[in-house]
Amino acid sequence: MKKLLTLASLALLMAACGNKEKEYDSTGTFEATEVTVSAKSSGELKSFEVEEGGEVENGRVVGHIDAYQLHLKKEQLETSRGQLSANKRQLASTRNATDSRRLDLEEQVSSITQQIANAQRERQRFAELVKDGAVARKQLDDINYQIKVLEKQLEATRDQIRSNNESLRQQSDGIAAQIDGIDAQAAGLEAQLRQLDDQIANTEIVAPLSGTVLEKYVERGEFVSTGKPLFKVADTRNMYMRAYVSSALLKDIKVGQKVKVMADYGDGQRKEYEGTVSWISNRSEFTPKTILTDDERADLVYAVKVAVKNDGFLKIGMYGEVKF
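Residues numbered from 1 in each chain as written. Predicted model: local features only at pLDDT ≥ 70, side-chain atom pairs only at ≥ 80, totals over all residues. Heavy atoms only, no water.

Chemist: Is there a simple way to think about the overall build of the chain in this case?
Modeler: What the chain contains, in helices and strands, is four helices and 14 strands. In the chain, which comprises 324 residues, the proportion classed as buried is 31%. Long-range pairs, those at least 24 residues apart, make up 77% of the contacts in the chain between residues at least 6 apart in sequence. Split by element, the accessible area of the chain, about 20,500 Å² in all, is 50% carbon and sulfur. (Helix = DSSP H or I, 4+ residues; strand = E, 2+ residues; numbered from the N terminus. Buried < 20%, exposed > 50% of the residue type's maximum accessible area, 1.4 Å probe, protein only. Contact = heavy atoms within 4.5 Å. Areas by Shrake-Rupley, 256 points an atom, 1.4 Å probe, with all protein chains shown as cover.)

Chemist: Would you take a moment to explain the environment of Gln171 for this structure?
Modeler: Counting through the fold element by element, Gln171 comes out in helix H3 (residues 137-201). Separated by 76 residues in the primary sequence, Gln171 and Arg95 have C-alpha atoms spaced 8.1 Å apart.

Chemist: Got a minute to help me understand the sheet that holds strand S8 (residues 223-224) in this structure?
Modeler: Within a sheet, neighbouring strands are paired by backbone hydrogen bonds and run either parallel or antiparallel to one another. The antiparallel open sheet is built from four strands, whose spatial order is S6-S5-S3-S8. Two strands in the sheet have a free side with no partner beyond their single neighbour: strand S6 (204-206) and S8. Of the pairings in the sheet, the one linking strand S3 (residues 43-48) to S8 comprises two bridges and is antiparallel in character. Its bridge partner lying in S8, Gly43 is registered against Val224. (Pairing = 2+ DSSP bridges.)

Chemist: Sorry if this is basic, but what is going on with the pattern of salt bridges here?
Modeler: Pairs may arise between side chains of opposite charge once their charged atoms sit close together. Evaluation of the coordinates by the stated rule reveals 18 salt bridges. When the shortest N-O distance is used, the salt bridge between Arg242 and Glu31 registers 3.3 Å. Of this pair, Arg242 sits in strand S10 (residues 238-246) while Glu31 sits in strand S1 (residues 26-31); the two residues are 211 residues apart in sequence, bridging distant segments of the chain. The class for Arg242 is partly exposed, based on a relative accessible area of 22%. (Salt bridge = Lys/Arg side-chain N within 4 Å of Asp/Glu carboxyl O.)

Laid out in structure tokens, this is it:
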């Protein structure tokens, strides 16, 4: 009878355990977005304010690589740019003087033409006076002589204009070509200066995200080359757990779904967090050895990421469970 009662009790206990709902649907590990920051320039590491376990903020400058030679080269290019600007101003002044000479000659033509017109009106008036016997004939002859002198002067000035115009045009074209050459050189210098500014900016070591420094690979005073890893930082404030679920469970999961996440501290100690499904793999894969799913017979599973806000207690690599 005792044996029968014992067997009955065990059967009831096993049945109760079999009916108990499982506390989790899958397990996984907590991960964070990690970035390895590498040097963008070569030179001595002049400053490096990074410590393992320390916090950095996104966009903060945490170190500098020697940029002395780059600054010297920039100063040299800026001096050359200033000289080109001075040369351009001088050429522009010369071209303006050339244009002024052309205008002066044209003004002389206008002035002589006006004088001739005035003299012709005087001649007409004196011709009437001579006809009436009011003035001597000599005054009219003087006016005619004056008009002939002005006409010769006008013709000479026009010849000079025709002769000078070609010379002035060639001179102006030459100056314009020189100015174009200076503009081309200035454009090249500006491109070099922008390139130098970019190279100087690359000597600054900037944190790419806010988070915790996981590893530090160099120290201040070392020579670093382009591409050399300097430190690794992880966004430990916004972590996620990577879990794996079978296709049977996949039908009840969607992106954006709120789920329960439990961090496992060992010895049965757990801490519960609210998580959000942020990603579901569209491809199946074989079950990782360290992953447990509700259906242990399933060979193929789907990876799922559950985003979790870290309160400071979650660590990278810590095991946890998720209940969907």
